[in-house]
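Examination of the molecular architecture
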Amino acid sequence: NKLTELIVSHDRLHARISEKFGAEFPDLVAAHAQLCLKFEEQYDKFKTEKQTIQEASREPIETEHKYYIERNNIPQDLDLESLQRSHLRQGYIAVGNDGSETRVRSFDDERFEMTVKSPGMLQRGEQTITISREMFESLWHQTDDRQIEKTRYYIPYEGHNIDLDVYGGYLEGLITAEVEFRGRSTEARVRANTFTPPEWFGENITEDLRFKNHQLATLPHHMPLEMGAK
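A brief structural summary. All values derive from a computational prediction rather than experimental measurement.

1. Remarks on the nonpolar core
Judged by nonpolar contacts, the single largest core of 22 residues is most densely connected at Ile69, Leu164, Trp200 and Phe201. Of all the elements in the fold, those that place two or more residues in this core are β6 (147–157), β7 (160–167), β8 (175–180) and α5 (185–193). Setting aside chain neighbours within four positions, we find isoleucine 69 in contact with Ile74, Leu164, Ile175, Thr176, Ala177, Trp200, Phe201 and Gly202. Core analysis: the next-biggest nonpolar cluster, separate from the first, contains 16 residues, Phe21, Val104, Met114 and Met135 among them.

2. What about α5?
Given 3.6 residues per turn, any residue in an α-helix points the same way as the ones three and four places further on. Where α5 is concerned, the buried positions are Ser185, Ala188 and Ala192. Taken end-on, α5 shows its buried residues confined to a sector of 65°, consistent with a single buried face.

3. Some details on the sheet that holds strand β3 (residues 101–107)
In space, the 8 strands of this closed barrel follow the order β1-β5-β4-β3-β2-β6-β7-β8, with antiparallel pairing throughout. Between one strand axis and the next, the sheet turns through 35° on average, direction left out of account. In terms of strand pairing, β6 meets β7 through 8 bridges, oriented antiparallel. Within β7, the residue paired with tyrosine 153 across the bridge is leucine 164. Helix-sheet contacts for α5 involve β1 (61–68) and β5 (123–130), and the interaxial angle to β1 is about 15°.

4. Remarks on the packing of aromatic side chains
Aromatic rings in a pair are described by how distant their centres are and how their planes are angled relative to each other. The tally for this structure, following the rule as stated, stands at 8 aromatic pairs. A ring pair is formed by tyrosine 67 and phenylalanine 195, whose centres lie 6.5 Å apart and whose planes are at 55°; its orientation type is tilted. Taken together, the residues span a long stretch of sequence, with tyrosine 67 in strand β1 and phenylalanine 195 in the loop between α5 and α6 (213–216) at a distance of 128 residues. Phenylalanine 195 carries the same exposure label as tyrosine 67, and that label is buried. Relative to phenylalanine 195, the ring of phenylalanine 181 has its centre 5.4 Å away and its plane inclined at 65°; by these criteria the two rings are edge-to-face. Here the residue phenylalanine 181 occupies a position in the loop between β8 and α5, and phenylalanine 195 occupies one in the loop between α5 and α6, the gap between them amounting to 14 residues. Phenylalanine 181 gets classed as buried once you look at its relative accessible area, which sits at 3%. Ring pairing ties together the aromatic residues Tyr67, Tyr157, Phe181, Phe195, Trp200 and Phe201, which thus form one cluster. Taking the ring centre of tryptophan 140 as reference, the NZ or CZ of arginine 89 above it sits at 5.0 Å. Positioned over the ring face of phenylalanine 107 is arginine 111, at 3.9 Å from the centre of the ring.

5. Re the pattern of salt bridges
Pairing between side chains becomes possible if they bear opposite charge and their charged atoms approach one another. Summed over the entire model, instances satisfying the criterion amount to 13 salt bridges. Salt-bridge contacts for glutamate 178 lead to lysine 66; the nearest nitrogen and oxygen are separated by 3.8 Å. In this pair, glutamate 178 sits in strand β8 while lysine 66 sits in strand β1, placing the two residues 112 residues apart along the sequence. Each member of the pair, glutamate 178 as well as lysine 66, is classed as buried.

Basis of the calculations
- Residues numbered from 1 in each chain as written.
- Predicted model: local features only at pLDDT ≥ 70, side-chain atom pairs only at ≥ 80, totals over all residues.
- Heavy atoms only, no water.
- Core = buried A, V, L, I, M, F, W, Y, C linked by side-chain atoms within 4.5 Å.
- Buried < 20%, exposed > 50% of the residue type's maximum accessible area, 1.4 Å probe, protein only.
- Helix = DSSP H or I, 4+ residues; strand = E, 2+ residues; numbered from the N terminus.
- Contact = heavy atoms within 4.5 Å.
- Arc of directions from axis to C-beta.
- Pairing = 2+ DSSP bridges.
- Axes fitted to C-alpha atoms, helices over the stretch in contact; angles between N-to-C directions.
- Phe/Tyr/Trp six-rings, centres within 6.5 Å; stacked < 30°, edge-to-face > 60°.
- Lys NZ or Arg CZ within 6 Å of the ring centre and 35° of its normal.
- Salt bridge = Lys/Arg side-chain N within 4 Å of Asp/Glu carboxyl O.

The structure is reproduced here in C-alpha cells:
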C-alpha cells in the first residue's frame, strides 16, 4: 500500500544520509529519522481519518499552485526591487523514484533548513527542521549536480501571498510563481480550485513534472527549459 511504499522510500533516503553523515553529524541523522517517522505516523493517520475534516486539518499538508511567468508580462508598475525578497540556495540530498525528497535550503545564507517532502502535485506532505550553518554547508557539498538558486520576491495578492521565483545560474531566464493556500487540507484545496490568478500569470504548471524543483535541479545544463517542449 501507499504507506508501505512511503516507508520504503524513507528508508532508502535515510540510509544514504546515515552513510554520508552519520559519523560527522549523528544528531542530524537522528533528526532526519524522527522527521521520517513523524511524517509516516501523520500520513497513516491522515489516510485512516481522511473523511474527517477536523482531523485532516492537523496534517502538515502543503497546498499550492505553480505558474510559468513570462518576464515581459510582469506589470511595469510591479517594482520588484521594492519588495521583500530572499536569495535561496537549495540542494537535494536524495530523491525517491516516487518523487519524495530530502532537501536542504539556505535563505540569504542566514537561515538554514532541511525538509522531507512526500510525492504529490497540488497537495504534498512535508516536515522541516532548522539546521546550523555548519550542517548546511556539509550537506550542500553532497548535493552537487542537484542544486538550484533563485531570488524569491514576496507579493501580497487578494488575501494570498505570491512567491515569485527568478532563477539564476544555468536556469537564468526561468521565472515561476507559487501561491500556497492555507487552512485545513479540504479548505485549502477548495481555495486552490477556486483561485483566480492575476492576468499576467502564464500557464498553470502545478502538474508539469518538468517544473518540480528537484527536476530542475537535475536538468542538464545544456537543455534550456521551454513551455510547450514536453
